[in-house]
Amino acid sequence: MTVPRTLAFCYLSLLWQRETVTLSDLLRFVEEGHIPYINAFQHFPEEMKLYGRDKGIFAIESWPTYEDIYKKMIEMAKFLDLPRFPEITEDCYLHPNILCMKYLMEVNLPDEMNDLTCQVVKMTGVGEVDFLTFDPIAKMAKTVKYDVQAVAVIVVVLKLLFLLDDNLEWSLSNTAEKYNENNKEDKPWFDFRKWYQVMKKSIDEKKQEWEEARAKYLWKSEKPLYHSSIDRAVAFKRREMVVDLQKQFSTLVDSTPTVGRKKPSSFQFNWAEGDVARTCFHGHSLQGILKNKGQSLTTKNSLYWLSTQKFCRSYCKHVTTYEESNFSLSYQFIINLFAFLLRIKTSFLHEEVSLIEKRLFKTKYGKTKKKSSRSRKGRKY
């Protein structure tokens, strides 16, 4: 029972209880020091003496990754032969409709987009109870990456609205900018360019803070692990000398005040109406992007490009690949923004976006499959 497996077990219990904590939240709480992980043994009572093999278990030298903990969680659930988990229904925090609303607020996008994300969830079937509920004893035991899936739905909606081809989004931004200048008393139209500028500045600042925290992190513990009781005595004497020297040198250096640890929160960004420095786009309208069609609204943009044309059909671990240079700068920004928010690889999120599109555009993928089978018969992708 290693430390990463312990963390996976913690997430299993949160999922069983249907708590308002996603896997990405849990990993971020570890990163921020709210959950003991690196040098977790420091929190053990004195009577727990750890030697020899214990060092291999508790000497963690890297941060946990989403993919690794996710896989371990499924492995543990199957090993323990756990029954079907409590159902993920529409009123549950882990349902995509609720998580989409949460992440729309997080990245400062208009509230009106929530109607569109709900439509995509319904059309793709990713909001169905059987699809969302984890069943370890099923033939193909797998659980949904709830947070990654919700973010992928938002990316698909952004593509439906703005295409994200480095052209249409800027053209729509020009229209929104002109309207807002001439109608300052009305509800402002959402301006993609202005949102991009605000978010880029905010995410760059957040990334810099994250990188600095990583660089300053002390990997060596104050209470090290030893191979034997003899090693412990020697190391203890050395530690006393180091502490003594640190005390002497601290009088020569100006000590900077330490910032108190923030309370754990599901939100990394806070957007407030009336903030001049950071515009809040929650109340902005999508009127410049949507048009009336009968009694319903539809997007002015009628085009769409698929993130993945062909899925891998071999026995490798991935279903698609992601090379940034093959995609527009706008799409790269959106993927990088959400990938940092969830602390996952960009390829991991791109894959989930492709899977949502595969469900949404079944006919397009069906035509592509028929063409490829005719032109390149026998070849695998």
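Residues numbered from 1 in each chain as written. Predicted model: local features only at pLDDT ≥ 70, side-chain atom pairs only at ≥ 80, totals over all residues. Heavy atoms only, no water.

By the naming in an unreviewed UniProt entry, the protein is TATA box-binding protein-associated factor RNA polymerase I subunit B isoform X4, taken from Panthera pardus. The record held by UniProt for the protein lists under Sequence similarities (unreviewed entry) the comment "Belongs to the RRN7/TAF1B family." Annotation of the protein in UniProt includes, under Subcellular location (unreviewed entry), the sentence "Nucleus, Nucleolus". (UniProt positions renumbered as here; feature names shortened; annotations may be inferred.)

Peer 1: Would you explain the overall build of the protein in this entry?
Peer 2: Along the protein, the regular secondary structure elements total 14 helices and two strands. For the protein, with 381 residues in total, the buried portion stands at 43%. Within the protein, contacts between residues separated by at least 24 positions form 76% of all contacts whose residues are at least 6 apart in sequence. Carbon together with sulfur atoms contributes 53% to the accessible area of the protein, which is approximately 22900 Å² in total. (Helix = DSSP H or I, 4+ residues; strand = E, 2+ residues; numbered from the N terminus. Buried < 20%, exposed > 50% of the residue type's maximum accessible area, 1.4 Å probe, protein only. Contact = heavy atoms within 4.5 Å. Areas by Shrake-Rupley, 256 points an atom, 1.4 Å probe, with all protein chains shown as cover.)

Peer 1: Got a minute to help me understand the UniProt feature "domain: Rrn7/TAF1B N-terminal cyclin" (unreviewed entry) in the protein in this structure?
Peer 2: Mapped onto this numbering, the UniProt entry gives "domain: Rrn7/TAF1B N-terminal cyclin" (unreviewed entry) at residues 6-45. Strand forms 0% of residues 6-45 and helix 52%; the C-alpha atoms that close the span are 18 Å apart.

Peer 1: Sorry if this is basic, but what is going on with helix 5 (residues 96-106) here?
Peer 2: Quick reminder: α-helices carry 3.6 residues per turn. Residues three or four places apart thus point the same way. In terms of residue burial, helix 5 counts as a mostly covered element, since eight of its 11 residues are buried. Of the residues making up helix 5, those classed as buried are P96, N97, L99, C100, K102, Y103, L104 and E106. If you follow the buried residues of helix 5, they end up packed against helix 2 (23-31), helix 6 (113-124), helix 7 (129-132), helix 8 (146-162) and helix 12 (329-342). Positive phi appears at N108, one or two residues downstream of helix 5, with a value of about 65°.

Peer 1: Would you mind showing me how to read the confidence of the model for the protein here?
Peer 2: Segments scoring low in pLDDT should not have their predicted coordinates read at a detailed level. Confidence in the prediction for the protein averages 84 pLDDT; 80% of positions are at 70 or higher. Across residues 254-258 the pLDDT falls below 50, and counting only partners more than four positions away or on other chains, this stretch makes zero contacts in the model. Note that pLDDT drops below 50 for residues 372-381; the model gives that stretch eight contacts with residues more than four away or on any other chain. (pLDDT = per-residue confidence, 0-100.)

Peer 1: It is not clear to me how helix 9 (residues 168-182) should be interpreted in this structure. Could you clarify?
Peer 2: With 15 residues, helix 9 should cover 21 Å at 1.5 Å per step; its first-to-last C-alpha distance of 22 Å lies within 8% of that length. Buried residues in helix 9 make contact with helix 8, helix 10 (192-216) and helix 12. (Expected span 1.5 Å × (residues − 1).)

Peer 1: What should I look at first to understand the packing of aromatic side chains in this one?
Peer 2: The tally for this structure, following the rule as stated, stands at 21 aromatic pairs. When the centroid spacing of 5.7 Å and the interplanar angle of 80° are considered together, the rings of F190 and F281 count as edge-to-face. Of this pair, F190 sits in the loop between helix 9 and helix 10 while F281 sits in the loop between helix 11 (229-250) and strand 1 (290-293), placing them 91 residues apart in sequence. Each of the two residues, F190 as well as F281, counts as buried. Each ring, one from W305 and one from F327, has its centre 6.0 Å from the other, and the planes form 40°; the classification is tilted. (Phe/Tyr/Trp six-rings, centres within 6.5 Å; stacked < 30°, edge-to-face > 60°.)

Peer 1: Would you take a moment to explain the environment of A277 for this structure?
Peer 2: Considering the arrangement of structural elements, one finds A277 in the loop between helix 11 and strand 1. Exposure remark for A277: the relative accessible area of 63% places this residue in the exposed category. Along the primary structure A277 and V198 are separated by 79 residues, whereas in three dimensions their C-alpha atoms are 8.8 Å apart.

Peer 1: Help me understand the environment of I98, please; the structure alone is not making it clear to me.
Peer 2: Within the element layout of this structure, I98 appears in helix 5. The class of I98 is partly exposed, set by a relative accessible area of 27%. When the C-alpha atoms of I98 and N114 are compared, they prove to be 9.1 Å apart, with 16 residues separating the residues in sequence. In this structure I98 touches E90, D91, C92 and Y93, once residues within four positions along its chain are discounted.

Peer 1: What am I meant to see in unusual backbone geometry here?
Peer 2: Residues other than glycine seldom take positive phi values, yet D81 does so here, at roughly 55°. By the secondary structure assignment, D81 is in the loop between helix 4 (66-79) and helix 5. The class of D81 is exposed, set by a relative accessible area of 56%. Its identity as a non-glycine residue notwithstanding, L164 has a phi of 55°, on the positive side. When you line up the elements, L164 lands in the loop between helix 8 and helix 9.

Peer 1: How should I be thinking about a negative patch on the surface in this particular structure?
Peer 2: Residues E205, E209, E211 and E212 make up a contiguous surface patch of negative charge. Within the secondary structure layout, E209 lies in helix 10. (Patch = residues over 30% accessible without salt bridge, like charges linked within 9 Å, V, L, I, M, F, W, Y side chains within 5 Å. Salt bridge = Lys/Arg side-chain N within 4 Å of Asp/Glu carboxyl O. Lys, Arg positive; Asp, Glu negative; His and termini not counted. Charge placed at Lys NZ, Arg CZ, Asp CG, Glu CD.)

Peer 1: Explanation requested: a nonpolar patch on the surface in the structure shown.
Peer 2: Nonpolar side chains collect at one region of the surface, where M1, F9, F79 and L80 lie side by side and expose about 480 Å² of accessible area between them. Here F79 lies in helix 4.

Peer 1: Please clarify how the pattern of salt bridges should be interpreted in this entry.
Peer 2: Where charged atoms from two side chains of opposite charge approach closely, those side chains can pair. Per the stated rule, a full pass over the model turns up 13 salt bridges. With a closest N to O distance of 2.7 Å, R214 and E31 form a salt bridge. Taken together, the residues span a long stretch of sequence, with R214 in helix 10 and E31 in helix 2 at a distance of 183 residues. Look at R214 and you get partly exposed, because its relative accessible area is 28%. Between K200 and D204 there is a salt bridge; the shortest N-O distance is 3.0 Å. One end of the pair, K200, and the other, D204, are both in helix 10, four residues apart, so they sit about a helical turn from each other. K200 gets classed as partly exposed once you look at its relative accessible area, which sits at 34%. Overlapping salt bridges, with partners in common, bring together D25, R28 and E32 in one network.

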